[in-house]
Each structure stands twice: as C-alpha cells, then as structure tokens.
Protein chains: 2
Amino acid sequence: MKRIAESTVRRLSLYLSFLEGIERQGLKTVSSDELARLGGTTSAQVRKDLSLFGSFGKRGLGYFVPELSEKLREILGLGKQWRVCIIGAGKIGAALARYRGFAERGFNVTAVYDSDEAKIGKRWETLTVRPISELEKDAAKQGFDIAVVATPAENTPAVVKQVVRAGIKAILNFAPVQLSVPSDVTVRNVNMAMELEGLSFALSNRSE
Amino acid sequence: MKRIAESTVRRLSLYLSFLEGIERQGLKTVSSDELARLGGTTSAQVRKDLSLFGSFGKRGLGYFVPELSEKLREILGLGKQWRVCIIGAGKIGAALARYRGFAERGFNVTAVYDSDEAKIGKRWETLTVRPISELEKDAAKQGFDIAVVATPAENTPAVVKQVVRAGIKAILNFAPVQLSVPSDVTVRNVNMAMELEGLSFALSNRSE
DNA sequence: TGGCGCTTGTGAATTAGTTCACAAACTAAT
DNA sequence: ATTAGTTTGTGAACTAATTCACAAGCGCCA
Ligand SMILES: NC(=O)c1ccc[n+]([C@@H]2O[C@H](COP(=O)([O-])OP(=O)(O)OC[C@H]3O[C@@H](n4cnc5c(N)ncnc54)[C@H](O)[C@@H]3O)[C@@H](O)[C@H]2O)c1
Ligand SMILES: NC(=O)c1ccc[n+]([C@@H]2O[C@H](COP(=O)([O-])OP(=O)(O)OC[C@H]3O[C@@H](n4cnc5c(N)ncnc54)[C@H](O)[C@@H]3O)[C@@H](O)[C@H]2O)c1
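Keep in mind that this is a model prediction, so the values were computed, not measured.

Focus on the overall build of chain A
Then, number 1: Assigned secondary structure in chain A consists of 9 helices and 9 strands.
Then, number 2: Projected onto its principal axes, the C-alpha coordinates of chain A cover approximately 60 × 50 × 35 Å.
Then, number 3: Split into buried and exposed, the 208 residues of chain A put 48% on the buried side.
Then, number 4: Counting only contacts in chain A whose residues sit at least 6 apart along the sequence, the fraction spanning at least 24 positions is 56%.
Then, number 5: Entry remark: accessible area of chain A is about 10,400 Å², with carbon and sulfur atoms responsible for 49%.

This is how it looks when you write it as structure tokens:
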C-alpha cells in the first residue's frame, strides 16, 4: 500500500468524529461536501482521502454513515482494544489516567509507572502506581501497545530507552524534547509550549 | 511579508529549544547541519526556514547561538509577557495552571474560570477560580492575550463564543471539537485522542 | 596575499499535497 | 423510460513544501 501522509490520517480521525455526531443526529447518509464543511476543507480533499483506501460512497447519494464509520475505524485500527501504559504519575499523567474519553475509543490505560518512592504504591482509581523498574518485566507479561510518556524533560530520554527496551512500538510523548528511537517505533509529540509559541507568532504577525 | 507555513513556525520553535540546550553546553556557534541533525530534518530546510526572516548566519562558521536565539524569540513574539487565562478548572486545567514551564517562556496564567459553583472561589496557588460569567468584564479590565480552553466538548462551542466576545484573539483548545471562530482569531488544537488514533493507525499498518 | 576548508543563502529541480473539473453512477420524479 | 438533479471517484492541473546544488563569503594558515 502506498505511503499515507500524517495529515491524511489526522483528517480521517476528524471525519470519524464528525460521523459519530451525525450518527447521533440520526442521519443515514452524508456527502463529502458536508464532511468538508465540518472539517474546514474541500469535498475533493475528503473524497481523495477516502479513495486512498477504497470506494465507500454511492454516487448521487453520498456515504452511508454507519458503513463509513465502520470503515474508518477499521482503517485507523480502532476495532481492537489497545493496552496503554502511562509513565510519570505527575500532573499530566494524573489527568490522562483519569480521563474517560480514551477508554471510549479503545485505549485502555492498564498501568501507571513512576520512579518516585512517594508515589509508587498509591492507588489511582482502579490502578496502582508501579515502579518504573518493573516496566520491562510487566511488558513481557501483559504486553503494552502504547506508552504515554509524561516525565520531566531531562529524564525522558532515559525513560524512552526503557520503553523501547520493553518492546513497546508506539509512544505519545508530552515532554518538550526530541526523541530518538529505532525506526520501528512510532512517536507522536504533544508539545504545548510549541502550540503556545505558534499562537504567540500569530499574535505578533497579524495583518502583515 | 509572505505567508509563513505552520510547519515552519513549529520548526522555528524546535530550533529555539535546541539553541537553548546548546547555549547551556556553552557552545558559541552552531551550523545548520547540527540543527538539522537535532531536529530530524535537512540543513537546507533549516537555512530556508531562517532565510524567510533574514540572514543570520556567517558563511564558513554557522550561526552565533545567542544571536540566533534572540532572533528566533523576536520572530516568535517571545520578547514580551503574554497574559493567559484558563477556562475549565478540571483535570487538564489544573495540570496546566500548575505547570511551571509556561511562565518560563513568558506565558503567564493570570486567571482561571469555571461554571461549577463548587469550584468557583477555590484557591489554586496564587490564583482563585472565577466564574465564567465574569470573563468578559475581567478581559475588558486586565486583558487576556490567549485563552486555554479545557472544558467538556459539548460546552466548548458556547465557551468559545464567550472567549471571542471577550475580545481574545488566540485560543488553545483541548476539547475534541472543531471550533468556528472569526478569521481574526487564531486557534490551535491539542487533540490527544487524535494523536492516539495516529499511533493506532501506525501500529495497524506497519510493514505494508 | 593566496589558497583551502567550511558553511551560508538561494535559485532551480523535485517531490508532496491539494484542488479542479468532469464522466459515470445513482435517485427521484414524471 | 426518460429526464433532471445529485454526488462520487479520479486523472490532470496546480500549488506548496522540501531538497539539491553551487556560487559566494568567511576564517585560518602559510
Ligand atoms: N503539567 C502540564 O500542564 C504540562 C504541560 C506541558 C508539558 N508538560 C510536560 O509533561 C511532562 C510532565 O509534566 P508534569 O507537569 O506532569 O510533571 P510532574 O513533575 O508533575 O510529574 C512528572 C512525574 O514523573 C516522575 N518521574 C520522574 N522521573 C521518572 C522516571 N525516570 N521514570 C518514571 N517516572 C519518573 C516524577 O516522579 C513525577 O511524578 C514534563 O516533561 C512537562 O514538561 C506538562
Ligand atoms: N483529562 C484529560 O486527560 C483529557 C485528555 C484529552 C482531552 N481532554 C479534553 O479536555 C477537556 C477537559 O477535560 P477534563 O478531563 O479536564 O474534564 P473535567 O471534567 O475534569 O473538567 C472540565 C471542567 O470544565 C468546567 N466547565 C464545564 N462547562 C463549563 C463552562 N461552560 N464554562 C466554564 N467551565 C465549564 C467543569 O466545571 C469542569 O471543572 C475535555 O474536552 C476533554 O475531552 C481531557
């Protein structure tokens, strides 16, 4: 299959969230034009994105909402349940671990790790904070699909080494550092400082 | 000035963070090649990005680290202090309000708002949670440059209307909804579910 | 001063991503 | 059955972003 751009995958995610809203409204079909309007793009873009994976629409009608939702979930790999561990039981880690929205989409937080003796052993709803030193052993036993890394920037490269050694192939990183990982490991960064700087840039350069 | 792509601005942010690390190491100059290596891009990309704003380097030598840092801070609008308010005193709002990293870069959280009576009036370190109904009045008095929106998805469109009415021109949105705002308001979205779906896609489509 | 080694800045070339535009396929109405 | 009205799927055209490639500038040293 040909390479799919990250921007395409982001839009597919977006379309799926729109479809879920449309389904709740009880509509049976939707046109590429309507999805484009919701997503701030063009109908040609929507059709191109979908056509990378097949022909899901009916000419003259549009797309059947439940059918297209299902296809998108399949494409995005959301059919299955993913096992997620959170590394770093701090402020961000706590917010993420307690967030209901992830499990709804099949991302199940099944463990939380920290290096701080004061935090290890603490109960977080159904989870207990575990020592990071056990990560590799636990991963071998129960297997994690995704690691969410929410540790201080300076410790994060070392943490990520452990994550990689534990055989985890996908990382969502919240620390403001650039990670270097083997090519079979996928990283996505959430860098809020960078987003704020983008806003700062926009505010500083308006109307020029 | 010509339009600058968002991807360029993201890279400028990244370069700046590298420069700060390099400065701490005590190095005086850096080449585009070194910055490219750190950022996982090419030296031509680095030079193109910078050349959009001027000629900051010295041939044969590279860039003077403190000088380039300063230039980047200027370009990104980081010379000044920005006033930031957080809307939604929930899990994410709490993590953000207590995060030290923002003030270090000139983003000062000066107020937190919520609609929940139980939360209004609570003290958060130096801040007191204020009723969202006061947002417009407060904004007129003290002025906010940036609003961080961390409210439940269903309430977020209404919240954003209030933010826009309060005259705030930049929004960092954590709710998984697409916002519609006037064209003079800049929005950046942080959508963690979408990032996880990107990882899910990568895990599901490896080696094809 | 001249030559060498290095690195920038930037047009040109290339590659990637988006939009156009239209034939083909479908529905509904008569 | 025919026609009018939609909307898809997709090459072709276009636009944006990245990479190439090299002249020109600079430091250093003999
Ligand atoms: N809090 C925010 O709003 C916010 C915003 C943007 C970015 N971030 C980034 O997210 C990361 C976490 O931020 P935070 O505010 O939650 O910090 P925090 O200090 O509240 O939490 C960090 C946690 O990581 C743990 N830790 C440290 N080293 C570890 C190791 N080697 N192995 C396992 N655990 C370890 C600490 O014990 C602590 O519990 C940081 O990199 C920060 O820059 C946070
Ligand atoms: N917690 C997470 O890790 C996480 C992760 C990804 C996305 N999000 C998103 O971030 C947003 C906030 O999530 P959270 O977990 O912090 O939720 P939360 O329920 O902990 O907090 C939301 C807060 O917003 C307040 N609120 C509701 N309506 C409001 C209004 N009209 N005006 C002002 N305040 C209002 C609530 O009183 C509450 O305090 C949600 O949209 C959620 O989907 C959260």
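Notes on the pattern of salt bridges
Then, number 1: One pass over the full model with this rule turns up 32 salt bridges over all chains.
Then, number 2: Members of the salt-bridge network, linked through shared partners, are Glu20, Glu70, Arg73 and Arg105 of chain A together with Glu197 of chain B.

Looking at the interface of chain B and chain A
Then, number 1: The interface is formed by 54 residues belonging to chain B together with 54 residues belonging to chain A.
Then, number 2: Interface area for chain B against chain A, summed over the two sides, is near 5,000 Å², with a carbon-plus-sulfur share of 70%.
Then, number 3: Counting across the interface, chain B meets chain A through 6 salt bridges.
Then, number 4: Note that Glu195 of chain A is salt-bridged to Arg10 of chain B, the shortest N-O span being 2.3 Å.

Here's the deal with the relation of the copies chain B and chain A
Then, number 1: Laying chain B over chain A is done by rotating through 180° and shifting 0.0 Å along the axis; what remains is an RMSD of 0.0 Å. A rotation of that kind, with that shift, is consistent with a two-fold axis.
Then, number 2: A shared binding surface is used by both copies, with 100% of the interface residues of chain B retained as interface residues in chain A.

So, the site of ligand 2
Then, number 1: Within the structure, ligand 2 sits among 24 residues, and Tyr99 of chain A together with Asp114, Lys119, Thr151 and Asn155 of chain B are positioned closest to it.
Then, number 2: At the site occupied by ligand 2, the surrounding residues belong to chains A and B.
Then, number 3: A distance of 2.5 Å separates an oxygen atom of ligand 2 from a polar side-chain atom of Tyr99 of chain A.
Then, number 4: Lys119 of chain B has a polar side-chain atom sitting 2.7 Å from an oxygen atom of ligand 2.
Then, number 5: Look at ligand 2: alone it shows 820 Å² of surface, and the protein chains cover 86% of it.
Then, number 6: When residues of the shell around ligand 2 are traced back to their parent elements, those giving at least two are helix H5 (91-97) of chain A together with helix H5 (91-97) of chain B.
Then, number 7: Considering only residue class, the shell around ligand 2 consists of 15 nonpolar, 5 polar and 4 charged.

A look at the packing of aromatic side chains
Then, number 1: Scanning the model with the defined rule gives 6 aromatic pairs over all chains in all.
Then, number 2: With a centroid separation of 6.4 Å and 90° between ring planes, the pair formed by Phe53 of chain A and Phe201 of chain B is classed as edge-to-face. Within this pair, whereas Phe53 of chain A is found in the loop between helix H3 (43-51) and strand E2 (63-64), its partner Phe201 of chain B is found in helix H9 (residues 192-204), the two belonging to separate chains.
Then, number 3: Here Phe201 of chain B falls in the buried class, since its relative accessible area comes to 9%.

Describing the environment of Phe53 of chain B
Then, number 1: Under the relative-accessibility criterion, Phe53 of chain B is labelled buried at 18%.
Then, number 2: When the C-alpha positions of Phe53 of chain B and Lys2 of chain B are compared, they lie 9.8 Å apart, and in sequence the two are 51 residues distant.

Parameters and conventions
- Residues numbered from 1 in each chain as written.
- Chains lettered and ligands numbered in written order.
- Predicted model: local features only at pLDDT ≥ 70, side-chain atom pairs only at ≥ 80, totals over all residues.
- Heavy atoms only, no water.
- Helix = DSSP H or I, 4+ residues; strand = E, 2+ residues; numbered from the N terminus.
- Buried < 20%, exposed > 50% of the residue type's maximum accessible area, 1.4 Å probe, protein only.
- Contact = heavy atoms within 4.5 Å.
- Areas by Shrake-Rupley, 256 points an atom, 1.4 Å probe, with all protein chains shown as cover.
- Salt bridge = Lys/Arg side-chain N within 4 Å of Asp/Glu carboxyl O.
- Buried area = accessible area lost by both parts, 1.4 Å probe.
- Least-squares fit on C-alpha atoms with pLDDT ≥ 70 in both.
- Near = heavy atom within 4 Å.
- Polar contact = N/O pair within 3.5 Å; in protein donor to acceptor, adjacent residues only side chain to side chain.
- Nonpolar A, V, L, I, M, F, W, Y, C, P; charged D, E, K, R; others polar.
- Phe/Tyr/Trp six-rings, centres within 6.5 Å; stacked < 30°, edge-to-face > 60°.

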